Amino acid sequence: MRLFTLLTAAFCAASVTASPPFRGSALAARQKASLPHSFQWSSSAPLVFPKEDGRDVAALKDPSIIEVGGTYHVFASTARADGYHLVYFNFTDFSKANAAPFFYLDQSPIGEGYRAAPQVFYFAPQKLWYLVYQNGNAAYSTNPDIGNPAGWTAPKTFYTGTPAIIQDNLEGGYWVDMWVICDKKDCHLFSSDDNGHLYRSQTRLVDFPNKMSKPVVALEDTDNKYALYEAACVYAIRGGSCPGKYLLLIEAIGSDGQRYFRSWTSNKIDGKWKPLADTEANPFARSNNVVFERGVSPWTKSISHGEVIRTLTDQTLTIDLCNLRFLYQGMDPATPGSTPYNSLPWRLGLLTPTKPKLY
Ligand SMILES: *[C@@H]1O[C@H](CO)[C@@H](O)[C@H](O)[C@H]1NC(C)=O
C-alpha cells in the first residue's frame with residue numbers, strides 16, 4: 001500500500017515536471033509512458049446511511065461532493081416510497097460522515113416536490129454556488145455560501161421544457177442527471193435519457209445560466225442503451241498526463257445486471273470522446289476492479305451513481321488524476337429483486353485507488 005502510494009507520487013511528480021525540460025519524442029515517450037489505461041480501487045464499508053428520523057428515507061443516492069478548506073460538502077438524493085428529494089450534509093473526516101446532521105433541502109426555498117441527482121459547483125464569475133438537479137426539467141438554485149443550506153434560491157430551469165431532441169429519443173427512458181462544466185469561453189450542460197444518449201447544450205460563460213442552446217447528442221449507443229445509461233460526469237484533468245484534457249464518466253448496466261462506470265477522454269468538452277477504460281473487462285470502476293478494505297465484507301456488486309471528490313472549487317471542475325477518490329452508491333446484493341425501485345437500500349461508499357497501472 002505504502003509502496004504504491006510512493007510510486008504514484010513519484011510518477012505524478014515526474015510527469016508534471018516533464019513538460020518544459022523534455023522535448024519532441026522524449027516528451028511524447030514520457031507522456032505515453034504515463035497514460036492511465038486501467039484503474040484499480042479499494043472500497044470502504046458503507047459510510048453514510050439514511051437516518052431514523054421519521055422521514056422514512058430508504059436510500060441515499062447520487063452524491064455530489066466537494067472539499068473546501070478541509071470540510072467535505074455532500075449533496076445527495078433521498079429516495080423514499082413517494083419519490084425523491086435532496087439532502088445536504090458536511091463533515092471533516094469520512095469516519096465521521098454518518099454522524100453529520102442532515103439538512104433536507106425541502107426546508108430551503110428549493111421547496112417540496114420532485115428534485116433529484118444534484119451537482120454542486122462554484123461559479124467564480126458570479127461568486128455563487130450552483131446546485132444543478134432534475135425536477136422534470138434541468139433545474140438550478142444558487143447560494144453565496146455552500147455552508148448555509150437554508151440559503152438556496154427557488155428552482156429555475158435551463159430550458160423552457162423537455163427539448164425536442166430528447167422527447168424524440170426518449171422511448172420509455174427518463175431524462176436525467178444534469179451536469180454543468182465550463183471552459184474559458186462556454187458552459188456546457190450534459191444530461192442522459194436512460195436510452196443510450198448523452199446530450200450536451202452550451203451557453204457563453206458570460207451568459208450562464210441563461211441562453212442554453214438546443215441539446216445535441218454528445219455520445220450514443222444505439223445498440224445497447226444499458227452501456228450508455230446515465231449519471232454522466234465530465235471533469236477537466238490536471239496532474240499526470242492523459243490522452244485528453246477532459247474525462248467523461250458514464251454509468252452503465254453490465255451483462256451481470258450490476259451498475260458500473262465507463263470512461264472516455266477528449267481534448268475539448270464539445271469534442272469527440274475517445275475510450276479510456278470503457279469495457280466490462282477494463283472499466284473505470286466495476287466489481288472486477290474494486291477490492292474491499294481489510295475487514296470490510298463485499299457489501300455491493302454495483303458501483304453506481306457517484307462523483308470524483310473535487311478539491312478545486314471553480315466552474316472548470318478540475319480534478320487531479322494522481323489523487324482520484326470516488327464517492328459512489330452501492331447496495332447489498334442480497335436485496336430482494338421484488339423491492340420497489342424507490343425502496344432499494346442504496347448507501348454511500350468511497351473508492352480510493354490501489355495499483356495505478358500505466359502504459
Ligand atoms: C454544515 O452543515 C450545517 C447544516 O447542517 C451548517 O449549519 C454548517 O454551516 C455547515 N458547516 C460548514 C463548515 O459549512
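The structure this text deals with has already been given above.
The present account deals with the structure reproduced in this document. (Residues numbered from 1 in each chain as written. Predicted model: local features only at pLDDT ≥ 70, side-chain atom pairs only at ≥ 80, totals over all residues. Heavy atoms only, no water.)

Tallying secondary structure elements over the protein gives 3 helices and 24 strands in all. Sequence-distant contacts in the protein: of pairs separated by 6 or more residues, those separated by 24 or more amount to 54%. Surface summary for the protein: the accessible area is close to 15600 Å², and the carbon and sulfur share equals 53%. (Helix = DSSP H or I, 4+ residues; strand = E, 2+ residues; numbered from the N terminus. Contact = heavy atoms within 4.5 Å. Areas by Shrake-Rupley, 256 points an atom, 1.4 Å probe, with all protein chains shown as cover.)

Here we take up the site of the ligand. The local shell around the ligand consists of His73, Tyr88, Asn90, Gly147 and Pro149. At 2.3 Å, a side-chain N or O of Asn90 approaches an oxygen atom of the ligand. Here Gly147 contributes a backbone N or O atom positioned 2.8 Å from an oxygen atom of the ligand. When the ligand sits alone it has 360 Å² of accessible area, and the protein chains cover 53% of it. Looking at the shell around the ligand residue by residue, the classes come out as 2 nonpolar, 3 polar and no charged. (Near = heavy atom within 4 Å. Polar contact = N/O pair within 3.5 Å; in protein donor to acceptor, adjacent residues only side chain to side chain. Nonpolar A, V, L, I, M, F, W, Y, C, P; charged D, E, K, R; others polar.)

Counting buried residues in strand β13 (residues 197-204) gives 6 out of 8 residues, a clear majority hidden from the surface. In this sheet, β13 lies alongside strand β12 (residues 186-192) in antiparallel orientation, the contact comprising 7 bridges. Paired with His188 across the bridge in β13 is Gln202. Here β12 hands over to β13 after 4 residues, with Asp194 in that stretch at a positive phi of 50°. Two elements, β13 and strand β14 (residues 216-220), share 4 bridges in a ladder whose sense is antiparallel. Looking at the pairing, Tyr199 lines up with Val217 of β14. (Buried < 20%, exposed > 50% of the residue type's maximum accessible area, 1.4 Å probe, protein only. Pairing = 2+ DSSP bridges.)

Once that is clear, we can look at the sheet that holds strand β21 (residues 318-320). Here 5 strands make up an open sheet; going across it, the order is β18-β17-β16-β15-β21 and the pairing mixed. Looking at which strands have only one partner, the edges of the open sheet turn out to be β18 (274-275) and β21. Pairing of strand β16 (residues 246-253) with strand β17 (residues 259-266) involves 8 bridges; the strand directions are antiparallel. Counterpart to Leu249 in the pairing with β17 is Ser263.

Attention shifts here to the pairing of strand β3 (residues 59-68). Judged by how many residues are buried, β3 sits mostly within the fold: 9 of 10 residues are covered. Sheet topology note: the β3/strand β4 (residues 71-80) ladder contains 8 bridges and is antiparallel. Note on β4: the bridge partner recorded for Ala59 is Ala79. Joining the antiparallel neighbours β3 and β4 is a turn of 2 residues, in which Gly69 adopts a positive phi near 55°.

Here Arg325 lies in the loop between β21 and β22 (326-330). On the basis of relative accessibility, which here comes to 16%, the residue Arg325 falls in the buried class. Of note is the side chain of Arg325, whose polar atom sits 3.2 Å from the side chain of Glu67. Apart from residues lying up to four places away in sequence, Arg325 is in contact with Glu67, Tyr72, Phe94, Glu307, Val308, Ile309, Thr311, Leu350, Leu351 and Thr352.

Under the defined criterion, the tally for this structure stands at 1 disulfide. Between the sulfur atoms of Cys182 and its disulfide partner Cys187 the distance amounts to 2.2 Å. Taking the sign of the S-S torsion, about 100° here, the bridge from Cys182 to Cys187 comes out right-handed. Just as Cys182 is buried, Cys187 falls in that class too. (Disulfide = S-S within 2.5 Å.)

Moving on to the packing of aromatic side chains. In the structure shown here, the tally under the stated rule is 26 aromatic pairs. Ring geometry for Trp41 and Phe284: centres 5.3 Å apart, planes at 70°, overall edge-to-face. With Trp41 in strand β2 (residues 41-43) and Phe284 in the loop between β18 and β19 (290-292), the pair connects residues that are 243 residues apart, well separated along the chain. Taking the relative accessible area as the measure of exposure, Trp41 reaches 2% and is therefore buried. We classify Phe284 as buried; its relative accessible area is 0%. Relative to Phe208, the ring of Tyr130 lies with its centre 5.0 Å away and its plane at 55°, an arrangement referred to as tilted. In this pair, Tyr130 sits in strand β8 (residues 128-134) while Phe208 sits in the loop between β13 and β14, placing the two residues 78 residues apart along the sequence. Judged by relative accessible area, which is 2%, Tyr130 ranks as buried. An aromatic cluster is defined as three or more aromatic residues linked by ring pairs; in this entry it consists of Tyr72, Phe89, Phe91, Phe94, Phe102 and Tyr104. (Phe/Tyr/Trp six-rings, centres within 6.5 Å; stacked < 30°, edge-to-face > 60°.)

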